[in-house]
Amino acid sequence: LLAGLTPALHASKSDVVSALKDDVHGAPERLWLRHSFVVVQVAFSLVLVLTAGLLVEALTNIRSVDRGYGFDSTGVDAVAIDLSGAGYAPTAGAQFARELIARTRSLPGVEHATLASGTPAPGVSMNLGGIAVPGVTPPAGQQLFYPSWTIIESGYFDTLRMRILEGRDFRDADSEGAEPVVILGRQAAELFWPNQSGLGQLLLAHMSPPDVGDVPPVQMRVIGVVEDAWSEGPLEMYVPLRQRAWSGLTILARRSDERSVAGDLRALVITMNRSVPVLFAQSLDSLQQNGPMQIQLRVAATVGGSMGLVGLLLAAMGIYGVTAYVVAQRTREIGIRLALGATRSAVVGMVLRQGMALVLVGLVIGLALSAGVARVLTTQGLGPGVYVPPPDAATVVVALCAFVGIGLAACFGPVRRA
């Protein structure tokens, strides 16, 4: 209705005598609105196609970033389970988790094993609440620090080969009823206590258990500092599973040889309780290559590229429609030009200029908009450790040639009639 409203209003206000005279003399109607639509279609289609190209480049380059710099995913298998899916209450779930990790460590081919609330992945963090550090002011506009929390069983750092810079790992004694403890990432320790050791320091954690409202803050003691998993990202904090029950767990097992133990881990879970859902069982390397950020990049690149191609197709239809309309309006003029000696090439050039001018204007605007989008993506990135490379000149040239080629193809029919 909206698209038909403008020409309908225009037709209702037309002067019949003038319109007939215009038709007789072949005066071209102003096509600025149609031209504007075509130019906008070309411009935004180019933006979508080039942005999709940038996302594909980021997806290609992300593999070198995904290994992080603070852990080693090679030779580690991961199996995710959900204890709540089997109806485990916190106490029973904790007992199942302790038995599961003990039996996992006794499996043949397992060098180290642990349990965690998730696998390390760039741009992915878990929020259990904020923390306050006595004497340290949070960032402007915030009352607390909001780190990325990870709930782990002992052996996590050995399994992922993360360096413990100070202090110790969690122990079996760090259980419910004992003093609450925490292990910090290096960046968090340096931010909270610069130029001094973080060991033994206290902080207040405003954590609420799942499905529970606000509770008083918990005082936690720092017992260790480890190397960060990611060079750039949120502050990293680790709490012991024995002090913080969690239902969604991932078994991480470093194998002692090349044989995968993911199938053995899945079979172990099924043997212990067939009702426990196994969400996935594969190597940590493959998870790193198919993590949430990669999936988001693939979806964004696919949607952006598809929409760009659809937009390009619509733009081609618009170019065809406008050019064909101009040829129809100027048929008498073209006949007079030919009768006065104009060559066929001159007529073809006239019609091509009419259609390709729209393409070129749209491409210029699209390049300017694409440069702005690329600047935002390359300077700010898409998340911790995920960088978008600068636009590739070859990609830009190929895209421009494709748009020009499709524009020429759209003009072919009207040019032939002319």
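For the structure itself, consult the block above.
Residues numbered from 1 in each chain as written. Predicted model: local features only at pLDDT ≥ 70, side-chain atom pairs only at ≥ 80, totals over all residues. Heavy atoms only, no water.

Colleague: Now, about the nonpolar core: what can you tell me, with residues and values included?
Modeller: If you look at the biggest cluster of nonpolar residues, it comprises 43 residues, and the most contacted ones within it are Ile 81, Leu 100, Ile 131, Trp 149, Leu 184, Phe 192 and Leu 203. In contact with Leu 100, other than residues within four places in its own chain, are Ile 81, Leu 115, Ile 251, Leu 268, Val 269 and Met 272. Ala 315, Val 359, Phe 403 and Cys 411 belong to the second-largest nonpolar core, a separate cluster that totals 25 residues. (Core = buried A, V, L, I, M, F, W, Y, C linked by side-chain atoms within 4.5 Å. Buried < 20%, exposed > 50% of the residue type's maximum accessible area, 1.4 Å probe, protein only. Contact = heavy atoms within 4.5 Å.)

Colleague: Any details on empty space enclosed by the protein? Residues and values, ideally.
Modeller: Considering all chains together, one arrives at one cavity of 30 Å³ or more under this definition. Computed from the structure, the largest cavity encloses a volume of approximately 40 Å³. Surrounding the largest cavity, Thr 323, Val 326, Val 327, Arg 330, Ile 334, Met 350, Val 351 and Gln 354 form its lining. Breaking the lining of the largest cavity down by element, the ones donating at least two residues are helix 9 (292-329) and helix 11 (344-380). Taken together, the residues that form the lining of the largest cavity break down as five nonpolar, two polar and one charged. (1 Å grid on protein atoms, 1.4 Å probe; cavity = no way out; pocket = protein on both sides within 12 Å on 5 of 7 lines; lining within 4 Å. Points joined across faces, edges and corners; volume = space filled by probe spheres on them. Helix = DSSP H or I, 4+ residues; strand = E, 2+ residues; numbered from the N terminus. Nonpolar A, V, L, I, M, F, W, Y, C, P; charged D, E, K, R; others polar.)

Colleague: How would you sum up the pairing of strand 1 (residues 76-82)? Please name residues and give values.
Modeller: The buried fraction of strand 1 amounts to six of the seven residues, a majority that puts the element mostly inside the structure. Bridge count between strand 1 and strand 10 (residues 248-255): seven bridges; the pairing is antiparallel. Of the residues in strand 10, the one forming a bridge with Asp 77 is Ala 253. Sheet analysis places strand 1 next to strand 11 (residues 278-283), joined by five bridges and oriented antiparallel. For Val 79, the partnering residue across the bridge sits in strand 11 and is Ala 281. (Pairing = 2+ DSSP bridges.)

Colleague: Account for the environment of Met 220, naming residues and giving values.
Modeller: You can see Met 220 is positioned in strand 8 (residues 218-226). Its relative accessible area of 3% is what places Met 220 among the buried residues. Note: C-alpha distance between Met 220 and Leu 204 (16 residues apart in sequence) is 6.2 Å. Every residue in contact with Met 220, bar those within four places of it in the chain, is listed here: Pro 180, Val 181, Val 182, Gln 201, Leu 202, Leu 203, Ala 205, Met 207 and Val 239.

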